[in-house]
Amino acid sequence: MKHSFRYPLAWRLLDWAEAAAAAIWPRRWASLTGYLLLMPAMLLVFVLVIGLIYIGENSLHELDIYTYRLKEAFSLINYRAATSATYQTIIGRSLGASAIVTAITMVLAFPYAYVMVRAASAWTRKLLLIALFLPFFIGQVVRAYGWLIVLGKQGLLNSILTDLGLPAIKLIYNYPAVILGLVQYMLPFAVLLLAPAITAIGEEAELASESLGANWIQTFRHVVIPMARPGLIGASVVVFTLTLTDFAMPEILGGGTTDFIANAIYDGFFQISNPGLGAALSMILVTIGSILVTIIFYLAGTGTLGFSGRRP
Amino acid sequence: MTGARGKSMVLWSVVIFNLITLSLPTVIILGASLTSGDIVEFPPAGLSLKWYGKLWLLDNFKDAFWRTAYVSVICALISIPAGTLAAIALARFRIRFRTTVQVYLLLPFTIPLVVSGLGMMMIFGEIRILGQLWPVGLGLCIINLPFMIWAVSATVNALDDELENAAANCGAPPLQAFLTVTLPAVMPGVITGALLMFILAFNEFLVSLFLTDARIVTLPVSIYNSIRSVITPDLAAVSVVYIIVAGVAVFALDKLVGLELFLKSK
């Protein structure tokens, strides 16, 4: 009996795919393969670039209050409106809140990251990681809702106060509530960016410092914190920019009393229906953010935030 | 204070403060959802699961839940090829202007979400796909794409490129080497990234607010709209859905790659 030999199906399929790939993308283009692989991601991100161009274009046209459409002619009037005293206050408030939130978050996150990395027991480490990831995976809206139940008029804290015979106090819809919500939101980001930097510090560096007579506070000040600098910078940049551009916490916990730039942009588009003004505020926000990030990247490098682990 | 006991006392008091701050909203939502009363109050009127029973009668929340799941799956599915290939390209191929490409690919993080959301709303409106569900998934993929690239980059960078050279040396053509050596090796990163993309899309609020309307509202937007009216315990029960999803995601992440991975230094 004659038995015709055939390769397994998977092999034939693979050979076929290989031939197809070679036909579509010949070997001599191999030096361009990297760019081909980058293409889908580049195209996706390009949507944001087009969006930015759209917004930039919108920002240069004044609103016609008779038709509620943007006029044809170019003008800078939206930028004049967007830098008026009202919006200066909002921009200032956002920047101030970002500085405060960054400072508080770093002070709280550093010990957490340190204890987590240096924990002797695997269980402690796991517990601290889970306590971090669980809220990280619960969105801002749900967490803000949780804070509303804690701080609200009939909330947890006020019911404790009234049980103690004290008058209830207003804890939500104010600045501190927004700061609290933001710090809680930023903590996981900060700790997760700090932890690798602290892991990179060898424990022997601390032991050396202590054996030379430094106490733990001196060791922290002169050894641990300076060595964790790349992580501290990376984490601060992320926390600062995320706070600067936040919408949900000022909206939900601020209740309209503590608007940030993002809230003003949203209102520009959907409350006062002036897309030109909203767009101008957007461009200002992008500019402030980019300048800050550029300065930090220039001073510290993208090191902790870049994609490739190897230095070229 | 300056001794070893002082050190652990100071550090641990900060840690415990953090633990309370981190978990208080979650714990309180769980508590509030179990009340038998009709309003959220403390102490709760009594314990009951009645709000969970009512959850299945709330068609708008149920629909919003399935829409959110759909959008999140789309987001993860788009991000898998785009993010994986980009990470491999950056780690394995000679790219001119590498730094520029990296900065460009980080644009989703550097452009504020409010601006990204508005821009995509305008573009999607212009090409008449606003009001459909899949563009929401696409939009959420774009704004979180760097997370996917990061996750895969971590595994590609850890992979010795001699393995691919060895495959080529044994006669494997490029596609075969890619499918049988590179891809299986980076799979943990791909799975981690896809999980992150899913959970972030499931939670993303601001961009969803711009890209959805009343007919296709997703869960985060729907919760936000309810918060602005009356705070009722059914909303707490809906929020518990999020806590459960987050719990499952943390468990899955731990089982798949181990949470300790995030402590590793680069």
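Residues numbered from 1 in each chain as written. Chains lettered and ligands numbered in written order. Predicted model: local features only at pLDDT ≥ 70, side-chain atom pairs only at ≥ 80, totals over all residues. Heavy atoms only, no water.

1. Things to note about the overall build of chain B
Then, in step 1: A count of helices and strands for chain B gives 12 helices and 0 strands.
Then, in step 2: Secondary structure elements of chain B, listed N to C terminal, follow the sequence α-α-α-α-α-α-α-α-α-α-α-α.
Then, in step 3: Seen along its three principal axes, the alpha-carbon backbone of chain B occupies a region of about 70 × 65 × 30 Å.
Then, in step 4: Considering chain B as a whole, with its 266 residues, one finds that 54% of them fall into the buried category.
Then, in step 5: The contacts in chain B between residues at least 6 apart in sequence include a share of 71% that link residues at least 24 apart.
Then, in step 6: Here chain B has roughly 11600 Å² of accessible surface; of this, 69% comes from carbon and sulfur atoms. (Helix = DSSP H or I, 4+ residues; strand = E, 2+ residues; numbered from the N terminus. Buried < 20%, exposed > 50% of the residue type's maximum accessible area, 1.4 Å probe, protein only. Contact = heavy atoms within 4.5 Å. Areas by Shrake-Rupley, 256 points an atom, 1.4 Å probe, with all protein chains shown as cover.)

2. What about the pairing of strand β2 (residues 69-74) of chain A?
All names here are of chain A.
Then, in step 1: Counted residue by residue, β2 has 0 buried out of 6 residues, so it is predominantly exposed.
Then, in step 2: The sheet contact formed by strand β1 (residues 61-64) and β2 spans 3 bridges and is antiparallel. For Leu 63, the partnering residue across the bridge sits in β2 and is Leu 70.
Then, in step 3: The antiparallel pairing of β1 with β2 creates a hairpin that spans 4 residues between the two strands, and Tyr 68 there sits at a positive phi of about 55°. (Pairing = 2+ DSSP bridges.)

3. What to know about the nonpolar core
Then, in step 1: Counting residues in each nonpolar core, the largest one holds 171 residues, and the members touching the most others are A:Tyr112 and A:Phe137.
Then, in step 2: The residues contacting A:Phe137, other than those within four sequence positions of it, are B:Leu196, B:Ile199, B:Asn203, B:Ala246, B:Ala249, B:Val250 and B:Leu253. (Core = buried A, V, L, I, M, F, W, Y, C linked by side-chain atoms within 4.5 Å.)

4. A look at the environment of A:Ile100
All names here are of chain A.
Then, in step 1: Relative to the elements of secondary structure, Ile 100 occurs in helix α4 (residues 85-118).
Then, in step 2: Owing to a relative accessible area of 37%, Ile 100 belongs among the partly exposed residues under this scheme.
Then, in step 3: Measuring from C-alpha to C-alpha, the distance between Ile 100 and Ala 190 comes to 14 Å, with 90 residues separating the pair along the chain.
Then, in step 4: When residues no more than four places from it in sequence are discounted, the contact partners of Ile 100 are Tyr 175 and Ile 179.

5. Some words on the pattern of salt bridges
Then, in step 1: Overall, the coordinates contain 8 salt bridges over all chains when judged by the stated rule.
Then, in step 2: Notably, a salt bridge pairs A:Lys126 with B:Glu260, separated by 3.1 Å at the nearest N-O pair. A residue pair is termed interchain when its members come from two chains, as with A:Lys126 in helix α5 (residues 122-136) and B:Glu260 in the segment after α12 (233-256).
Then, in step 3: By relative accessible area, which is 27% here, B:Glu260 ends up partly exposed.
Then, in step 4: Here B:Arg215 makes a salt bridge to B:Asp213, at a shortest N to O gap of 3.3 Å.
Then, in step 5: On the accessibility criterion, B:Arg215 (59% relative accessible area) is exposed.
Then, in step 6: Several salt bridges converge on common partners, so that one network encompasses A:Arg118, A:Glu206 and B:Lys7. (Salt bridge = Lys/Arg side-chain N within 4 Å of Asp/Glu carboxyl O.)

6. Observations concerning the confidence of the model for chain B
Then, in step 1: Confidence in the prediction for chain B averages 90 pLDDT; 98% of positions are at 70 or higher.
Then, in step 2: What the predictor reports for the complex is a pTM of 0.91 with an ipTM of 0.92. (pLDDT = per-residue confidence, 0-100.)

7. Re the interface of chain A and chain B
When the parts come together, some accessible area is lost, and that loss is often what is quoted as the size of the interface.
Then, in step 1: Of the residues lining the interface, 97 residues belong to chain A; the matching set on chain B comes to 104 residues.
Then, in step 2: Roughly 9200 Å² is buried in total at the junction of chain A and chain B, and carbon and sulfur atoms are behind 79% of that figure.
Then, in step 3: Summed over the shared surface of chain A and chain B, the number is 16 residue pairs in polar contact (both at pLDDT 80 or more).
Then, in step 4: At 20 residues, helix α2 (residues 33-59) of chain A tops the list of elements feeding residues into the side of chain A that touches chain B.
Then, in step 5: In terms of residue class, the side of chain A that touches chain B is built from 68 nonpolar, 20 polar and 9 charged. (Buried area = accessible area lost by both parts, 1.4 Å probe. Polar contact = N/O pair within 3.5 Å; in protein donor to acceptor, adjacent residues only side chain to side chain. Nonpolar A, V, L, I, M, F, W, Y, C, P; charged D, E, K, R; others polar.)

8. As for the packing of α4(A) against helix α8 (residues 175-199) of chain A
Residue and element names in this part refer to chain A.
Then, in step 1: At their nearest, the axes of α4 and α8 sit 6 Å apart, and the two run at 45° to each other. Comparing their axes, α8 and α4 come out oblique. Both α4 and α8 take part in a crossing whose hand is right-handed.
Then, in step 2: Residues that form the contact of α4 with α8 fall into these classes: 24 nonpolar, 3 polar and 2 charged. (Axes fitted to C-alpha atoms, helices over the stretch in contact; angles between N-to-C directions. Parallel < 35°, antiparallel > 145°, perpendicular 65-115°, else oblique. Left-handed = near helix turned anticlockwise from the far one by under 90°.)

9. Focus: the packing of helix α9 (residues 203-211) of chain A against helix α10 (residues 216-227) of chain A
Residues and elements named next belong to chain A.
Then, in step 1: Axis separation between α9 and α10 bottoms out at 10 Å; the angle between their running directions is 145°. Crossing handedness for the pair α9 and α10: right-handed. On α10, the residues that touch Ala 205, Glu 206, Ser 209 and Glu 210 of α9 are Trp 216, Thr 219, Val 223, Val 224 and Met 227.

10. Considerations on helix α4 (residues 98-105) of chain B
Then, in step 1: Of the residues making up α4(B), those classed as buried are B:Val101, B:Gln102, B:Tyr104 and B:Leu105. Down the axis, α4(B) shows its buried residues gathered within 160° of arc, on one side only. Exposed and facing more than 90 degrees away from the buried side of α4(B) are B:Thr99 and B:Thr100.
Then, in step 2: Buried residues along α4(B) sit against α2 of chain A together with α3 (59-92), α5 (107-110) and α7 (134-158) of chain B. (Arc of directions from axis to C-beta.)

11. Re the side chain of B:Ser222
Residues and elements named next belong to chain B.
Then, in step 1: As for its position among the elements, Ser 222 is in helix α11 (residues 219-227).
Then, in step 2: Relative accessible area serves as the criterion here: at 10%, Ser 222 is assigned to the buried category.
Then, in step 3: For Ser 222, the residues in contact, after removing those within four places along its chain, are Phe 61, Ala 64 and Val 217.

12. A look at the packing of aromatic side chains
Then, in step 1: Counted according to the given criterion, the structure contains 26 aromatic pairs over all chains.
Then, in step 2: Centre to centre, the rings of B:Phe198 and B:Phe202 are 5.7 Å apart; their planes meet at 25°, and the pair counts as stacked. A residue pair is termed a helical-turn pair when its members lie 3 or 4 positions apart in one helix, as B:Phe198 and B:Phe202 do in helix α9 (residues 174-203) at 4 residues.
Then, in step 3: According to the relative accessible area criterion, B:Phe202 is buried, its value standing at 2%.
Then, in step 4: Here the aromatic cluster, defined as three or more aromatic residues joined through ring pairs, consists of A:Phe247, A:Tyr266, A:Phe269, A:Phe270, B:Phe205, B:Phe210 and B:Tyr224. (Phe/Tyr/Trp six-rings, centres within 6.5 Å; stacked < 30°, edge-to-face > 60°.)

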